[in-house]
Amino acid sequence: MSILPKKNQLGFFEIRLESIGGLGANLAGKMLAEAGVLGLGLNGSNFSSYGSEKKGSPVKSFIRFCDADVEIRDHSPIEQPHVIGVFHEALYKTVDVVSGLSADGIVLVNSTRNFDDIKNDLNIKYGTVAIVDALGIAVEEKTKVNTAMLGALFRICDFLDPEAMKSVIRKTFEKKYPHLVEPNIRTFERGFNEVQFKHFETPANANGKAFSRPQPVLGYETQTMGGVLTSQGNSILKDLSGSRQGFLPEFDQEQCINCAACDNVCPDFCFVWEEGEDKRGRKQMFLKGIDYQYCKGCLKCVEACPTTALKDLRETIGYADAHRVKQNFPYVAGGIS
Ligand code: SF4
Ligand code: SF4
């Protein structure tokens, strides 16, 4: 008898992980597949898709499981998964993360927000939402987000054996980094135990989310002659908010002595200045704030700041937009809107 809880027409149970480079979704997908194939004797496959291999670019990892007597002849990206894991909420802005989710599917999100907010953001009407504060766990245990997400995914895929995963973690770290074994096992266990679920009733005739294949915003048919490259990192219109991995610098103008140490270390020209006068009427530049559109959350500025004007802050949805001070680039009429 099959241990897989659900299968599609080809006999596969399918999982898609939606992430950004640097959060370890690729490795998590690999470990998940290994747990099913090596641990349980299922047939399975895993591969990932990503663009430029750099922190902050969208990454997808695909995992397929089937019974041992089923051959895997399908190597295409997973379009209608039973389970989706979303590693970073900033992805909602640019990627339809729940595209193709089956009607009774489960979407797991790394978040501290509530079920209804997430359901609205993802624009889903039914199915199961699972939430785990994977970043919070990783920060407390000084480990990585992917291990906490794996814990939660093992709870969702309850045919997998969490004990087998813990031995994999032990084997991976014990020779080279023995001090990382226990924190990683704790992170995995916390992800497993702390994930919470809410089910939204699925009507009998419900269809899943339609799958839409993302098309490039600009291609050979739509690119304007001599136009601006609008993709991330290529132009003044770049948006690095997806590169932040949970933290950003918080600016307190009261504590700022306008020394510009932050600006000297910032790789992305995030600091916005304006000319003013000091107490004696001499001209001076004053720091107005941070343009979070360009901030990748490296926190070099926080380290460099000699006062408490900059502190690291756990990012919450909407903070960056509400506190952004826009750069006014002199070479763009009216600045960037
Ligand atoms: S964290 Fe600070 S130094 Fe890093 S990109 Fe953002 S503003 Fe610049
Ligand atoms: S390093 Fe700190 S004190 Fe100096 S300008 Fe930047 S925020 Fe202000």
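Analysis parameters
- Residues numbered from 1 in each chain as written.
- Chains lettered and ligands numbered in written order.
- Predicted model: local features only at pLDDT ≥ 70, side-chain atom pairs only at ≥ 80, totals over all residues.
- Heavy atoms only, no water.
- Helix = DSSP H or I, 4+ residues; strand = E, 2+ residues; numbered from the N terminus.
- Expected span 1.5 Å × (residues − 1).
- Contact = heavy atoms within 4.5 Å.
- 1 Å grid on protein atoms, 1.4 Å probe; cavity = no way out; pocket = protein on both sides within 12 Å on 5 of 7 lines; lining within 4 Å.
- Points joined across faces, edges and corners; volume = space filled by probe spheres on them.
- Near = heavy atom within 4 Å.
- Nonpolar A, V, L, I, M, F, W, Y, C, P; charged D, E, K, R; others polar.
- Core = buried A, V, L, I, M, F, W, Y, C linked by side-chain atoms within 4.5 Å.
- Buried < 20%, exposed > 50% of the residue type's maximum accessible area, 1.4 Å probe, protein only.
- Phe/Tyr/Trp six-rings, centres within 6.5 Å; stacked < 30°, edge-to-face > 60°.
- Pairing = 2+ DSSP bridges.
- Axes fitted to C-alpha atoms, helices over the stretch in contact; angles between N-to-C directions.
- Parallel < 35°, antiparallel > 145°, perpendicular 65-115°, else oblique.
- Left-handed = near helix turned anticlockwise from the far one by under 90°.

### Regarding helix H1 (residues 25-40)
In step 1: Here H1 is 16 residues long and its end C-alpha atoms lie 22 Å apart, about the 22 Å a rise of 1.5 Å per residue gives.
In step 2: Looking at the buried residues of H1, the elements they touch are strand S1 (13-20), strand S2 (43-50), strand S3 (58-66), helix H4 (145-156) and helix H5 (162-174).
In step 3: At the exit of H1 stands Gly41, carrying a positive phi of roughly 75°.

### Regarding the layout of surface pockets
In step 1: Space inside the second largest pocket adds up to approximately 600 Å³.
In step 2: Surrounding the second largest pocket, 30 residues form its lining, His88, Glu89, Ala90, Glu315 and Ile317 being those nearest its centre.
In step 3: Per element, the largest residue contribution to the lining of the second largest pocket is three residues, and it comes from helix H9 (residues 319-323).

### A look at the site of ligand 1
In step 1: Close to ligand 1 lie Pro249, Cys266, Pro267, Cys270, Phe271, Cys295, Lys296, Gly297, Cys298, Leu299 and Cys301.
In step 2: Along the lines of polarity and charge, the residues of the shell around ligand 1 split into nine nonpolar, one polar and one charged.

### Some remarks on the nonpolar core
In step 1: Core analysis: the biggest nonpolar cluster contains 60 residues, and Ile15, Phe65, Val107, Leu108 and Leu122 have the highest contact counts within it.
In step 2: Sequence-distant contacts of Leu122, that is, excluding residues within four places in its chain, are made with Tyr92, Val97, Val98, Val107, Val109 and Lys209.
In step 3: Counting 20 residues, the second-largest nonpolar core is a separate cluster that includes Phe271, Leu299, Cys305 and Ala320.

### With respect to the packing of aromatic side chains
In step 1: Summed over all chains, the structure comprises five aromatic pairs.
In step 2: Centroid distance Phe47 to Phe62: 5.1 Å. Interplanar angle 40°. Geometry classified as tilted. With a gap of 15 residues between them, Phe47 in strand S2 and Phe62 in strand S3 connect regions that are remote in the sequence.
In step 3: Centroid distance Phe154 to Phe188: 5.3 Å. Interplanar angle 75°. Geometry classified as edge-to-face. Of this pair, Phe154 sits in helix H4 while Phe188 sits in helix H6 (residues 181-194); the two residues are 34 residues apart in sequence, bridging distant segments of the chain.
In step 4: Overall, the relative accessible area of 1% leaves Phe188 in the buried class.

### What to know about the sheet that holds S3
In step 1: Ordered by their spatial adjacency, seven strands build an open sheet running S2-S3-S1-S4-S5-S6-S7, and the pairing between neighbours is mixed. Because the sheet does not close on itself, it has two edges, and the strands there are S2 and strand S7 (196-200). Pairwise comparison of adjacent strand axes, ignoring direction, gives a mean angle of 15° for this sheet.
In step 2: Relative to strand S5 (residues 106-110), strand S4 (residues 83-86) runs parallel, the two sharing four bridges. Of the residues in S5, the one forming a bridge with Ile84 is Val107.

### So, the packing of H4 against H6
In step 1: Across the interface, H4 lies against H6 with an axial gap of 6 Å and an inter-helix angle of 45°. Taken together, H4 and H6 sit at an angle that is classed as oblique. The way H4 lies across H6 gives a crossing that is right-handed. Of H6, the residues touching H4 (which contributes Thr147, Ala148, Leu150, Gly151, Ala152, Phe154 and Arg155) are Asn184, Thr187, Phe188, Gly191, Phe192 and Asn193.
In step 2: Residue composition of the contact of H4 with H6, grouped by class: six nonpolar, six polar and one charged.

Remember that the coordinates give geometry; whether it matters functionally is a separate question.
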